[in-house]
Amino acid sequence: MERIILDVDTGLDDAVALFLAAGLKEITIEAIIATAGNVGLDKTLENTLNIAETSGLTCPVYAGSSGPLVRTPVEAGDFHGESGLDGPLFEERVRQHVAPTSGIDAMIALVMDNPHEITIVSVGPLTDLAVAFIREPRIAEYAKRFVIMGGSFSRGNVTDEAEFNTYADPEAAKIVFASGAQIALFSLDCTRTVTLSPQRLESFRQRGGRSNEVFVACMDTYTANYTKRGQGEPQMHDPLCVAYLADPSKVAGSYAGVDVITEEGPSYGRTVKTDSEQKVFIAESIDIPWFWSLVERALSSLP
Ligand code: RIB
Ligand code: CA
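Rules used in this analysis
- Residues numbered from 1 in each chain as written.
- Chains lettered and ligands numbered in written order.
- Predicted model: local features only at pLDDT ≥ 70, side-chain atom pairs only at ≥ 80, totals over all residues.
- Heavy atoms only, no water.
- Helix = DSSP H or I, 4+ residues; strand = E, 2+ residues; numbered from the N terminus.
- Polar contact = N/O pair within 3.5 Å; in protein donor to acceptor, adjacent residues only side chain to side chain.
- Contact = heavy atoms within 4.5 Å.
- Donors = N, O, S within 2.8 Å, 3.2 Å for Na, K, Ca; no water.
- Buried < 20%, exposed > 50% of the residue type's maximum accessible area, 1.4 Å probe, protein only.
- Near = heavy atom within 4 Å.
- 1 Å grid on protein atoms, 1.4 Å probe; cavity = no way out; pocket = protein on both sides within 12 Å on 5 of 7 lines; lining within 4 Å.
- Sits in = over half its atoms within 2 Å of the grid points.
- Nonpolar A, V, L, I, M, F, W, Y, C, P; charged D, E, K, R; others polar.
- Pairing = 2+ DSSP bridges.
- Axes fitted to C-alpha atoms, helices over the stretch in contact; angles between N-to-C directions.

What about the side chain of Asp-238?
Link 1 in the chain: Structurally, the position occupied by Asp-238 is in the loop between helix H11 (210-228) and helix H12 (239-246).
Link 2 in the chain: Within the structure, Asp-238 has its side chain in polar contact with the backbone nitrogen of Asp-14 (distance 3.3 Å).
Link 3 in the chain: Those residues in contact with Asp-238 that sit more than four places away from it in its chain are Asp-13, Asp-14, Ala-17, Val-123 and Met-149.

What follows is the structure, given as structure tokens:
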């Protein structure tokens, strides 16, 4: 059983990661932290609470960082819609409300109170992780591992060279990759290979359940926004990090040091491989049919 903290900037693909983590019996979500990213913190928090409520999750949902460490904030709403989760409509929530304490304090407490037990899955800007490392450097060692969606070792998706999550807070990402923590990184080079075809979306549309209905509404928006921008089928970035925890043997990759360019200029926020001692597992491919079978299984098990 993988005990995880999910750090999200919900967003449409973050919602798939949340459904996957909520629905897989291999995973227990100890806490969810919403951070600013795709859209502002007020919206990512609202979206996260709505997905948590829909999937019947009872774990606490915390507020994380409201913006990057030093740079001016950037958003990715054009892929996720004005709300960050355009498409599904939600009733007034009954169970899920934001927990009163800071998400970063909660992350540190959970990790330090459960040494080598908790995996942190981060699928938005790395601000929360960086602040936690600054406040309590030992979490790098006390956490079981970190699974991160971010970076690109080829072309970017928000600039020619940078991927959104690292571009949204390059200084934070630099701190995290230099921490010496055990990290599995899902960069664009892997995540852009997993896309949702219209045929597969139609097969989901035939299935029942409220969570499945919300998933389909999210993916309709995601598909439309990718099509509008001539970017082909929507890419399943964030949920790959959760799928990896269900069976790491379904992911192939290699090890390298990773650094982030923080000098102003066209490469700002770009991730680069280095020969640093701090080796990161960089995912290169995943068993795609197996991934989709997990999504089907997870959604079938949710309300
Ligand atoms: O570049 C993809 C990442 O940026 C994903 O986490 C997506 O949700 C956006 O935040
Ligand atoms: Ca995200």
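Okay, back to it.
Quick word on the coordination of the calcium ion (ligand 2)
Link 1 in the chain: Around the calcium ion (ligand 2), the protein supplies Asp-9 (OD), Asp-14 (OD), Asp-14 (OD), Val-123 (O) and Asp-238 (OD) as donor atoms, at distances of 2.3 to 2.7 Å.
Link 2 in the chain: Going along the chain, you hit the donors of the calcium ion (ligand 2) in the pattern D-x4-D-x108-V-x114-D. Of this pair, Asp-14 sits in helix H1 (residues 12-23) while Asp-238 is found in the loop between H11 and H12, placing the two residues 224 residues apart along the sequence.
Link 3 in the chain: Residue Asp-14 is classed as buried on the basis of its relative accessible area, which comes to 0%.

Section: the site of ligand 1
Link 1 in the chain: Around ligand 1 lies a shell of 13 residues, among which Asp-13, Val-123, Asn-157, Glu-163 and Asp-238 are the nearest.
Link 2 in the chain: Here Asp-9 contributes a side-chain N or O atom positioned 3.1 Å from an oxygen atom of ligand 1.
Link 3 in the chain: Here Asn-165 contributes a side-chain N or O atom positioned 3.0 Å from an oxygen atom of ligand 1.
Link 4 in the chain: Of all the cavities here, the one that holds ligand 1 is the largest pocket.
Link 5 in the chain: When residues of the shell around ligand 1 are traced back to their parent elements, those giving at least two are H1 and helix H7 (164-168).
Link 6 in the chain: Classifying every residue of the shell around ligand 1 by side-chain character gives three nonpolar, five polar and five charged.

Examining the sheet that holds strand E6 (residues 145-149)
Link 1 in the chain: Read from one edge of the open sheet, ten strands run E4-E3-E2-E1-E5-E6-E7-E10-E8-E9, paired in mixed fashion. Each edge of the open sheet is held by one strand with a lone partner, namely strand E4 (98-102) and strand E9 (271-274). Within the sheet, the average angular offset between the axes of one strand and its neighbour, ignoring direction, is 35°.
Link 2 in the chain: As paired strands, strand E5 (residues 118-122) and E6 are joined by four bridges and run parallel to one another. Bridge pairing in E6 places Ile-120 opposite Phe-146.
Link 3 in the chain: Sheet contacts for helix H8 (residues 170-177): E6, strand E7 (183-186), strand E8 (251-260), E9 and strand E10 (280-286); angle to E8, the most-contacted strand, approximately 115°.

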